[in-house]
Amino acid sequence: MSGSDSAISFVDSVKNPLSTDVNVEYQLFNLVWVGMAAVLVWLVVPGVGLLYSGLSRKKHALSLLWASVMAVAVVSFQWFIWGYSLAFSHTTRGNGFIGTLEFFGMKGDLSRPSWTATVPDVLFAFYQGMFAMVTGILMVGGACERARLLPMMVFLFLWVTTVYCPIACWTWNGEGWLARMGALDYAGGGPVHISSGHGALIYALVLGRRNDPVTKDSVPKYMPHSITSVVLGTVFLWFGWFGFNGGSAGNASVRAWYSCVSTNLAASCGGLAWMFIDYFRYGRKWTTIGLCSGAISGLVGITPAAGFVPIWASVIIGVVTASACNVAVDIKRILKIDDGLDVYALHGVGGAVGSVLTGLFAADYVNALGGSYVTTIEGGWINKHWKQLGYQLAAICSTVAWTCCVTTILLLILDRLPFLRLRLRAEEEEQGTDYAQIGEFTYEENEMYIPEPTRYKDTTRKSSTKDDSDHQLESGSDEHIAAAAKEAAVA
């Protein structure tokens, strides 16, 4: 929730619910709306699981569905122990760097107003916990198809504690240093998207590229095994995002509904922009993957802006963010980092673009639609408040630097512990994460794994003609497939 909602003072006295009605200081329709929004955000987590599962190869599909449910469980426990307290305690340490353990184990009076004064701490903790879960499942996407699952769980718990919680404190805690500086982030451009995108990039870098003898030194690129799962995951994300942005108003004011309209419009324009770009870049086809990717990038771009910008600006934000993310997909080939699910391109780049555009289009009169529930802002360039872009850039740079440094340190330490080796062995990776780590399968078939995966042509060998499209397919040789099948049969 945006920092503009946080200008409140806290009363230290603990109320006894046996003698005092703690509900009288709240408007119950606001509690209902934020609670419903939290449930909508929860749907984003399995939506990401479906999206990632569809984009992966068949032999790894279940592991990504598993990861989404695991993220809910691990982050919920972390949030209960100390996550909420570190991010949203009523006092902070280090000049707004990190919270205290005031709410350790959810102790204390959680009926008092939170940093969003329209809701109590118990509801605010419930709502913000969903954001932490979404961030966690997005980040672990960088490890697709080659990570061991126990180290992934340990890493996720530590990452949310040391990366997400401090950045959430900086941004949304009323004492956070970015909030006090004046940086605007309505619903998570920095804490959710920039941090998860760059965390996923570092995770992919430390793990290394997926094993593939055909691609050799280049980054492998495989066809999604289930477009249906991709579409269904996108639907879950789009639907859940109305809670993501609409609920971040912290109330049921007009500003909340402005956020919902802007969210839907940005996603729609982003989907169209990406699809049209892909039409001219790849084989004159109206790709479903392009449409879904663009819609998601539009959702990412509008996240930090939805409660601050006019509705017309969401068209620009959707188109610009989708275009930037489309180009950013090629960055992994330049860097040779195997971010197979493009988490960095969509969320790292998309979150940064959305944050910059917030600095341009934030309007004081849109924020004022929240009425008495919000404090005023000076707006962005649209209000001739030129400094706002500088504040946004400072927030982006600090979030990127903290995420990359801490994520790298965590992964390198964990990988050196014998029982927490991060990566699957080569033979386990060939069998598939589902078989090697779970022992269950998304699809029950006679063959345990696909001997030779279907690949995009441009990652297996260079085309001899300029007219070859990136979406042409190349299959392995008959001899290779026969040999692999024979080996599997003997085993």
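Residues numbered from 1 in each chain as written. Predicted model: local features only at pLDDT ≥ 70, side-chain atom pairs only at ≥ 80, totals over all residues. Heavy atoms only, no water.

As annotated in an unreviewed UniProt entry, the protein carries the name Ammonium transporter and comes from Eremothecium cymbalariae. Regarding the protein, the UniProt comment filed under Sequence similarities (unreviewed entry) reads as follows: "Belongs to the ammonia transporter channel (TC 1.A.11.2) family." (UniProt positions renumbered as here; feature names shortened; annotations may be inferred.)

Visitor: Got a sec to walk through the packing of helix H7 (residues 227–246) against helix H9 (residues 288–302)? Specific residues and values, please.
Guide: The relative placement of two packed helices is expressed as an angle between their axes plus a distance between the axes. Where H7 meets H9, the axes come as close as 10 Å, and the angle between the chain directions of the two elements is 20°. Considered as vectors, H7 and H9 are oriented roughly parallel to each other. Read as a crossing pair, H7 and H9 show a hand that is left-handed. In contact with Ile227, Val230, Val231, Thr234, Leu237, Trp238, Trp241 and Asn245 of H7, H9 contributes Thr288, Ile289, Cys292, Ala295, Ile296, Leu299, Val300 and Ile302. Class assignment for the residues of the contact of H7 with H9 results in 13 nonpolar, three polar and no charged. (Axes fitted to C-alpha atoms, helices over the stretch in contact; angles between N-to-C directions. Helix = DSSP H or I, 4+ residues; strand = E, 2+ residues; numbered from the N terminus. Parallel < 35°, antiparallel > 145°, perpendicular 65-115°, else oblique. Left-handed = near helix turned anticlockwise from the far one by under 90°. Contact = heavy atoms within 4.5 Å. Nonpolar A, V, L, I, M, F, W, Y, C, P; charged D, E, K, R; others polar.)

Visitor: Mind laying out the packing of helix H4 (residues 149–172) against helix H14 (residues 387–415), listing which residues take part and the relevant values?
Guide: Across the interface, H4 lies against H14 with an axial gap of 10 Å and an inter-helix angle of 160°. The angle between the axes of H4 and H14 places the two elements in the roughly antiparallel class. Judged by the twist between their axes, the crossing of H4 over H14 is right-handed. Counting all contacts with H4, which are made through Val154, Phe155, Leu158, Trp159, Thr162, Val163, Pro166, Ile167 and Trp170, the residues of H14 involved are Ser398, Thr399, Trp402, Thr403, Val406, Thr407, Leu410, Leu411 and Leu414. Classifying every residue of the contact of H4 with H14 by side-chain character gives 13 nonpolar, five polar and no charged.

Visitor: Run through the packing of aromatic side chains, naming residues and quoting values.
Guide: As enumerated under the stated definition, the model contains 26 aromatic pairs in all. Ring centres 5.0 Å apart and planes at 55° place the aromatic pair Tyr127 and Phe131 in the tilted group. Placement of both Tyr127 and Phe131 in helix H3 (residues 121–140) is noted, with a separation of four residues, approximately one turn of the helix. There is no split in this pair, since Tyr127 and Phe131 are both buried. A ring pair is formed by Tyr186 and Phe308, whose centres lie 5.8 Å apart and whose planes are at 75°; its orientation type is edge-to-face. Residue Tyr186 is located in the loop between helix H5 (177–181) and helix H6 (189–207), and its partner Phe308 is located in the loop between H9 and helix H10 (311–328); the two are separated by 122 residues in the primary sequence. Pair check on accessibility: Tyr186 and Phe308 agree, each one buried. An aromatic cluster of three or more residues is present, and its members are Trp79, Tyr84, Phe88, Phe103, Phe124 and Tyr164. In this arrangement the basic side chain of Arg57 is found over the ring face of Tyr222, its NZ or CZ atom lying 3.9 Å from the centre. (Phe/Tyr/Trp six-rings, centres within 6.5 Å; stacked < 30°, edge-to-face > 60°. Buried < 20%, exposed > 50% of the residue type's maximum accessible area, 1.4 Å probe, protein only. Lys NZ or Arg CZ within 6 Å of the ring centre and 35° of its normal.)

Visitor: Go over the side chain of Ser314, please, and point to the residues and values.
Guide: Position of Ser314 among the secondary structure elements: in helix H10. With a relative accessible area of 0%, Ser314 lands in the buried category. Contact partners of Ser314, with chain neighbours within four places excluded, come to Ser262, Leu265, Ala266 and Ile302.

Visitor: Can you explain the confidence of the model for the protein? Please cite residues and give values.
Guide: In this model, the protein carries an average pLDDT of 88, and 88% of its residues clear a pLDDT of 70 or more. The low-confidence segment residues 448–452, where pLDDT is below 50, has 17 contacts with residues more than four positions distant or belonging to other chains. (pLDDT = per-residue confidence, 0-100.)

Visitor: Describe the nonpolar core, with residues and values.
Guide: Grouped together as the largest cluster of nonpolar side chains are 115 residues, with contacts concentrated most on Trp79, Phe131, Leu156, Tyr164 and Tyr203. Counting residues per element, this core draws most heavily on H4, which supplies 14 residues. If we skip the residues at most four places from it in the chain, Phe131 touches Val41, Tyr164, Trp172, Ala187, Val192, Phe244 and Ser248. (Core = buried A, V, L, I, M, F, W, Y, C linked by side-chain atoms within 4.5 Å.)

Visitor: An account of unusual backbone geometry is requested, with residue identities and associated values reported.
Guide: At Asp342, a position not held by glycine, the phi torsion is positive, near 55°. By the secondary structure assignment, Asp342 is in the loop between helix H11 (331–335) and helix H12 (343–361). Taking relative accessible area as the criterion, Asp342 reaches 17% and is therefore assigned buried.

Visitor: Any details on the pattern of salt bridges? Residues and values, ideally.
Guide: Tallying each qualifying case throughout the model produces seven salt bridges. Notably, a salt bridge pairs Asp330 with Arg281, separated by 2.8 Å at the nearest N-O pair. Of the two residues, Asp330 sits in the loop between H10 and H11 while Arg281 sits in helix H8 (residues 254–281), which places them 49 residues apart along the sequence. Through salt bridges that share partners, Arg57, Glu145, Arg210 and Asp338 make up one connected network. (Salt bridge = Lys/Arg side-chain N within 4 Å of Asp/Glu carboxyl O.)

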